[in-house]
Amino acid sequence: MAFPLPPDWVNPATLQVLGAVVAVSLVGPVVARFLRRTPSVKFQVALPEEASPGWKGGELLKNPSIQDPTRPGQIICYDPSTGRHLATIRAHTKADVDVALIRARKAQAKWAKTTFAQRKVVLQSLLDFILQNQESICRVAARDTGKTMVDGKFGEILTTCERIRWTLAYGEDALKDEYRDPGLLMFYKSAKVEYRPMGVVAALVSWNYPFHNTFGPLITALFAGNGILIKASEQVAWSTTTYFAKIIRTCLEACGHDPELVQFLVGFQECGEAVVKSGVEGITFIGSPQVGAKVATAASTNLTPCVLELGGKDVAIVNKNVDLNAVVPILMRGVFQNCGQNCIGLERIIVHESLHDKLVEMTGSRIKQLKQGPPLEVENIDCGSMTMSGRSDALEALIQDAVKSGATLVHGGERFIHPQFPHGQFFTPTLITNLKSNMKIAQEEAFAPIMAIFKFSTVEEAIALANSTPYALGSNVFSRNQKEGQYIMDHLRVGMSNLNDFGVNYLCQSLPFGGVGISGYGRFGGPEGLRAVCHQRSITVDRWPMLIQTFLPPVLQYPMTNVGDAIVVTRDLVNIIYAGWVGRVKSVFEIVKVIAVGANEPEVL
């Protein structure tokens, strides 16, 4: 029977109320999760003197290098933007790795028994510390790498805070037991996947973002219930040992947990090899394809699973219909963020020929105005220094090779000698165009402040150019025609892609991060990243144990009295599950007959 609604029921006010109800029901849980506050414990870590405002100490090294041949067991730490000596630190050895693993295992045995609620307190306490000490963290990172404070806010703070926020909000859901369909054959079973901590994992991380690259895998490992060995690059040994290591260890202790759960190691090749071969249960490596291949080979000794993030030669494809006034600022940030020392930095800009000259004009005028210098010594700096010594020689050779092959150098292409800090490791922001896919600069990862521009005339040509390198990490497509932009993305051989933006997939921490080809394999970030540091166990239990359990009829029990009958029973069992309805009914009667009186079928040999 129908109940007609009164004529005045559908009116604007009613619709607004209904809309509000629907909005609250849909958005409410998301907002509630976002605003939910986890308990936090306050703690403090002293800022190193060398990162304090106004510090001018430290000997100015004339030819700075992290290694002194006369002291092979020492790491020479210095500010790459000035050459100021920061500290000399003992490089860790295999013996140090062995001790660190023992300590981490002991602490992890207790940590594995903690609840998600207890782990969330640690992460929330860490997040609160980061928020209160943003400037200090960025100053320490800037002092050790030469990056600007703004680059530190983007790459060290923002990304780490988002990793923690996502993990607090969704990490527990990602690691809950996941129930699966048991299928008709096993209808009476409950099937699930359990995610359990591996034990002690290791992360060998790169130097370009010393805080985030350390804390990203650390956050994931701890939340999953693991201990972790962090092998930081020798390039950032000072910031790692004097400040960043103290932050998480102090945090753990303040929250009532064993700080030995996290072990920090800095050293040269011996240290890295020892970590990989130590017997840890899982490895995350961030670095070059050449070293990544060695890590995978060494890890195979113990069959240790690896996640390898091995850099990229990321593209931005700029279609003919875009607004360059909106796109150029994004391209500039994509190329020159952290002086181009980003694994997903824009190494290749592939632009439609109709926009090429305008793009070169617009970017060229901006690049020529970029200001370089030591970010903690000189105000208003756009680009800091190169972190690794000796990079300028390789980069100049790369540019010169491209010019000899027909490229046009618009600006830069050489090292920059700062008038006040001549020993700083600077490379001039560079613009080079008229490039071809067979040039070295199109195939080798530059990891530098170089805007390299390629032309295309058709979409298919742009796709071919983008796919012409063995690197396949991230990509970015700019197009006002969303359908065409999606088409381009669908045909790129990469692990990640963004439409009308640069690199924002990494700010969506719900997404996995990683590439294909020589850019590596495995993923960190998102549920996939959390599960990558877990053992996945498949479990079945009886759904109704008092009513039905697995039962083998006598005809299938060992020793079998008539194998021919057993063959008939198993054939009919297959048909009951997978055949059509006529076959199923027929098989039911046959299987009952065999079980009851036997079929006495002969066994065919």
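Residues numbered from 1 in each chain as written. Predicted model: local features only at pLDDT ≥ 70, side-chain atom pairs only at ≥ 80, totals over all residues. Heavy atoms only, no water.

## Structural notes on the pairing of strand β1 (residues 74-78)
Item 1. The buried fraction of β1 amounts to 4 of the 5 residues, a majority that puts the element mostly inside the structure.
Item 2. As paired elements, β1 and strand β2 (residues 85-90) share 5 bridges and run antiparallel to each other. Directly across from I76, in β2, lies its bridge partner T88.
Item 3. As consecutive antiparallel partners, β1 and β2 are separated by 6 residues, and within that stretch G83 has a phi angle of approximately 90 degrees, a positive value. (Buried < 20%, exposed > 50% of the residue type's maximum accessible area, 1.4 Å probe, protein only. Helix = DSSP H or I, 4+ residues; strand = E, 2+ residues; numbered from the N terminus. Pairing = 2+ DSSP bridges.)

## With respect to helix α11 (residues 353-367)
Item 1. Look at α11: 21 Å from first C-alpha to last across 15 residues, which is about the 21 Å you get at 1.5 Å a residue.
Item 2. Roughly 25 degrees is the biggest bend found in α11, and it falls at L359.
Item 3. Residues L355, H356, L359, V360, M362, T363, G364 and I367 constitute the buried set of α11.
Item 4. Of the surrounding elements, those touching the buried residues of α11 are β10 (315-318), α10 (324-336), β11 (348-352), β12 (408-411), β15 (430-433) and β16 (450-456). (Expected span 1.5 Å × (residues − 1). Bend = angle between axes of the 7 residues up to and from the residue. Contact = heavy atoms within 4.5 Å.)

## A few points about the sheet that holds strand β6 (residues 227-232)
Item 1. Here 6 strands make up an open sheet; going across it, the order is β7-β6-β5-β8-β9-β21 and the pairing mixed. The two strands at the open ends of the sheet, each matched to only one other strand, are β7 (262-266) and β21 (520-521).
Item 2. As defined by bridge partners, β6 adjoins β7 across 5 bridges and the pair is classed as parallel. Looking at the pairing, A232 lines up with V266 of β7.
Item 3. Each of β6 and β7 touches helix α7 (residues 237-254); the most contacted strand, β7, lies at about 175 degrees to it. (Axes fitted to C-alpha atoms, helices over the stretch in contact; angles between N-to-C directions.)

## Some details on the UniProt feature "domain: Aldehyde dehydrogenase" (unreviewed entry) in the protein chain
Item 1. When the UniProt feature table is mapped onto this chain, "domain: Aldehyde dehydrogenase" (unreviewed entry) is found at residues 74-538.
Item 2. For the annotated span residues 74-538, helix accounts for 42% and strand for 20% of the residues, and the straight-line distance between the end C-alpha atoms is 47 Å. (UniProt positions renumbered as here; feature names shortened; annotations may be inferred.)

## What to know about the domain arrangement of the protein chain
Item 1. As far as domains go, the protein chain holds domain 1 (52-311 + 529-538), domain 2 (315-470 + 474-505) and domain 3 (552-598).
Item 2. The C-alpha centroid of domain 3 is placed 68 Å from the C-alpha centroid of domain 2. (Domains from an automatic or database assignment.)

## Here's the deal with the pattern of salt bridges
Item 1. Using the criterion set out here, one finds 31 salt bridges in the structure.
Item 2. Between E281 and R105 there is a salt bridge whose closest N-O contact spans 3.0 Å. In this pair, E281 is assigned in the loop between α8 (269-276) and β8 (282-286) and R105 in helix α2 (residues 94-111), connecting sequence segments 176 residues apart.
Item 3. A relative accessible area of 22% places E281 in the partly exposed class.
Item 4. For R415, the salt bridge identified is with E396, shortest N-O distance 3.1 Å. Residue R415 is located in strand β13 (residues 415-416), and its partner E396 is located in helix α12 (residues 391-404); the two are separated by 19 residues in the primary sequence.
Item 5. Classification of R415 by relative accessible area gives partly exposed; the value is 33%.
Item 6. One network of salt bridges, with partners in common, ties together K56, D79, R84, R143 and E377. (Salt bridge = Lys/Arg side-chain N within 4 Å of Asp/Glu carboxyl O.)

## Considerations on empty space enclosed by the protein
Item 1. Applying the stated criterion across every chain yields a total of 6 cavities of 30 Å³ or more.
Item 2. Counted as a void, the largest cavity has a volume near 180 Å³.
Item 3. G216, P217, T220, T284 and F524 are the residues nearest the centre of the largest cavity, which is lined by 19 residues in total.
Item 4. Of all the secondary-structure elements, those providing two or more residues to the lining of the largest cavity are β5 (200-204), α6 (212-223), β8 and α16 (526-532).
Item 5. For the lining of the largest cavity, the element with the most residues is α6, which contributes 6 residues. (1 Å grid on protein atoms, 1.4 Å probe; cavity = no way out; pocket = protein on both sides within 12 Å on 5 of 7 lines; lining within 4 Å. Points joined across faces, edges and corners; volume = space filled by probe spheres on them.)

## Comments concerning the UniProt feature "active site" (unreviewed entry) in the protein chain
Item 1. Mapped onto this numbering, the UniProt entry gives "active site" (unreviewed entry) at E309.
Item 2. By secondary structure assignment, the location of E309 is in strand β9 (residues 306-309).
Item 3. Exposure remark for E309: the relative accessible area of 4% places this residue in the buried category.
Item 4. Excluding residues that lie within four positions of it along the chain, E309 makes contacts with F285, I286, G287, C343, L473, F513, S519 and F524.

## Side note on the layout of surface pockets
Item 1. Estimates place the volume of the second largest pocket at around 540 Å³.
Item 2. Taken together, 18 residues form the lining of the second largest pocket, with L185, M186, Y188, F551 and L573 sitting closest to its centre.
Item 3. When residues of the lining of the second largest pocket are assigned to their parent elements, the largest contribution, 4 residues, is made by helix α17 (residues 563-578).
Item 4. For the lining of the second largest pocket, the two domains that each supply at least three residues are domain 1 (52-311 + 529-538) and domain 3 (552-598).

## A closer look at the sheet that holds strand β22 (residues 534-542)
Item 1. Spatial ordering of the open sheet is given by β3-β4-β22, a layout of 3 strands whose pairing is antiparallel. The open sheet has two free edges, formed respectively by β3 (178-180) and β22, since each of these has just one partner strand. The sheet shows a mean angle of 25 degrees between the axes of neighbouring strands, direction not considered.
Item 2. Of the pairings in the sheet, the one linking strand β4 (residues 189-197) to β22 comprises 9 bridges and is antiparallel in character. Bridge pairing in β22 links K192 to I539.

## With respect to the confidence of the model for the protein chain
Item 1. Confidence in the prediction for the protein chain averages 93 pLDDT; 94% of positions are at 70 or higher.
Item 2. Within the model, pLDDT remains below 50 along residues 1-7, and this stretch shows 0 contacts once partners closer than five positions in the same chain are excluded. (pLDDT = per-residue confidence, 0-100.)

## Details of the nonpolar core
What tends to happen in soluble globular proteins is that the nonpolar side chains get buried as a cluster.
Item 1. Counting residues in hydrophobic clusters, the biggest one holds 78 residues, and the most contacted among them are L126, F215, F244, I247, I248 and V262.
Item 2. In terms of residues, this core owes the most to one element, α7, which gives 9 residues.
Item 3. If you count residues domain by domain, this core takes at least three from each of domain 1 (52-311 + 529-538) and domain 2 (315-470 + 474-505).
Item 4. Beyond its immediate stretch of four places on either side in the chain, I247 contacts F43, V45, L126, F129, I137, F211 and F215. (Core = buried A, V, L, I, M, F, W, Y, C linked by side-chain atoms within 4.5 Å.)

## Topic: the environment of K246
Item 1. Looking at where K246 falls in the secondary structure, it is placed in helix α7.
Item 2. The class for K246 is partly exposed, based on a relative accessible area of 43%.
Item 3. When the C-alpha atoms of K246 and A46 are compared, they prove to be 9.0 Å apart, with 200 residues separating the residues in sequence.
Item 4. Dropping the residues within four chain positions of it, K246 is found in contact with V45 and T241.

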